[in-house]
Amino acid sequence: MSGLIECRDLVKTYTMGDQTVRALDGVSLDIAPGDYVAIMGASGSGKSTLMNLMGALDRPTSGSLRIAGEELAGLDADRLAAFRNRTIGFVFQQFNLLPRTSALENAALPLVYAGVAPAERRQRALARLEQVGLGERTDHHPSQLSGGQQQRVAIARALVNDPKILLADEPTGALDSQTSDDIMGIFDTLNREGITIILVTHEQEVADHARRQIVFRDGQILEDRS
């Protein structure tokens, strides 16, 4: 095996009533450090299931998943959560910000879970907010920010622990086209700076920002193109 993310024969099944659904059906792939990957496919194709596994949010039914040299099957729940917090940053379609909390406090949240001291939390969160262009809105709450600004806070939050991998699930799905372009520009810059980015999208315009596109159908890889 070689790669930052190494998947071998991943299978994920779900039981629904008396039926077994095979959401992933023997998926194998490698993602290298610094790669920029778009995962595409219709609803139910397996792309979000794979994202959840690579984000250490779920476990495969069978197969091997190794991230940054760590075999995730060997980690208990607490060690898995700690690994996820220090290795992976998440950006979601709906931002998932705490409504009564400032942009600065939202961005610093992963550092709270990591046990970082308050002064360092503030310094690191402020640096990330400045990086995404929100240095002058650190005290604003989500209701005082536009959708694009809220997504920038979410990106700052995803970056605050200096993760090796940034996972983005439909990151522009709730945004207009101009704001989407701005957000994708941030991802492009982050990737040029060396962060590995994996995004799930159904929009070809978004996928075209990536250097590699993986298309899923029926739980299997249909195409893997550069």
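Residues numbered from 1 in each chain as written. Predicted model: local features only at pLDDT ≥ 70, side-chain atom pairs only at ≥ 80, totals over all residues. Heavy atoms only, no water.

Enquirer: Quick question: what am I supposed to make of the overall build of the protein chain here?
Expert: Across its full length, the protein chain carries 7 helices and 10 strands. On C-alpha atoms alone, the protein chain measures out to a radius of gyration of 17 Å, which is about the 17 Å that the 2.2 N^0.38 rule sets for 226 residues. Across its three principal axes, the protein chain shows a C-alpha extent of roughly 50 × 40 × 40 Å. The 226 residues of the protein chain split such that 49% are buried. (Helix = DSSP H or I, 4+ residues; strand = E, 2+ residues; numbered from the N terminus. Rg over C-alpha atoms; globule rule 2.2 N^0.38 Å. Buried < 20%, exposed > 50% of the residue type's maximum accessible area, 1.4 Å probe, protein only.)

Enquirer: Is there a simple way to explain the packing of helix α3 (residues 103-113) against helix α5 (residues 147-159) in this structure?
Expert: Any two packed helices are characterised by the angle at which their axes cross and by the distance between the axes. Relative orientation of the contacting elements α3 and α5 amounts to 30°, with a least axis distance of 7 Å. Overall, the two elements α3 and α5 adopt an arrangement that is roughly parallel. For α3 against α5, the interelement crossing comes out right-handed. Note on element contacts: α5 touches α3 through V153, A156 and R157, opposite A103, N106, A107 and P110. (Axes fitted to C-alpha atoms, helices over the stretch in contact; angles between N-to-C directions. Parallel < 35°, antiparallel > 145°, perpendicular 65-115°, else oblique. Left-handed = near helix turned anticlockwise from the far one by under 90°. Contact = heavy atoms within 4.5 Å.)

Enquirer: Could you clarify how one ought to interpret the layout of surface pockets in this entry?
Expert: Its volume calculated, the largest pocket comes out at about 400 Å³. The set of elements that each furnish at least two residues to the lining of the largest pocket consists of α2 (77-87), β6 (88-92), α3 and α5. With 4 residues, β6 is the single largest residue contributor to the lining of the largest pocket. Considering only residue class, the lining of the largest pocket consists of 11 nonpolar, 4 polar and 2 charged. (1 Å grid on protein atoms, 1.4 Å probe; cavity = no way out; pocket = protein on both sides within 12 Å on 5 of 7 lines; lining within 4 Å. Points joined across faces, edges and corners; volume = space filled by probe spheres on them. Nonpolar A, V, L, I, M, F, W, Y, C, P; charged D, E, K, R; others polar.)

Enquirer: Explain the sheet that holds strand β10 (residues 220-225) here, please?
Expert: Backbone-to-backbone hydrogen bonds pair the strands of a sheet. The strands run either parallel or antiparallel. If you walk across this open sheet you meet the 6 strands as β6-β7-β8-β3-β9-β10, and the pairing is mixed. One side of each edge strand has no neighbouring strand; the edge strands of this open sheet are β6 and β10. Direction aside, the axes of adjacent strands within the sheet are offset by 20° on average. Here β6 runs beside strand β7 (residues 165-169); their pairing, made up of 5 bridges, is parallel. By the bridge assignment for β7, G89 is matched with L166. (Pairing = 2+ DSSP bridges.)

Enquirer: Please clarify how a nonpolar patch on the surface should be interpreted in this entry.
Expert: On the surface, Y14, M16 and V21 cluster together into a nonpolar patch covering about 260 Å² of accessible area. Inspection of the secondary structure assignment puts V21 in strand β2 (residues 19-31). Taking relative accessible area as the criterion, V21 reaches 33% and is therefore assigned partly exposed. (Patch = residues over 30% accessible without salt bridge, like charges linked within 9 Å, V, L, I, M, F, W, Y side chains within 5 Å. Areas by Shrake-Rupley, 256 points an atom, 1.4 Å probe, with all protein chains shown as cover. Salt bridge = Lys/Arg side-chain N within 4 Å of Asp/Glu carboxyl O.)

Enquirer: Even after reading the chapter, I still don't get the packing of α3 against helix α4 (residues 118-131), so can you show me in this structure?
Expert: Where α3 contacts α4, the axes come no closer than 8 Å and their chain directions differ by 120°. By the angle between their axes, α3 is oblique relative to α4. As α3 runs across α4, the sense of the crossing is right-handed. When α3 is examined against α4, the residues A103, L104, A107, A108, L111 and V112 are found in contact with a partner set consisting of R121, R122, R124, A125, L126 and L129. Residues of the contact of α3 with α4, tallied by class, amount to 9 nonpolar, no polar and 3 charged.

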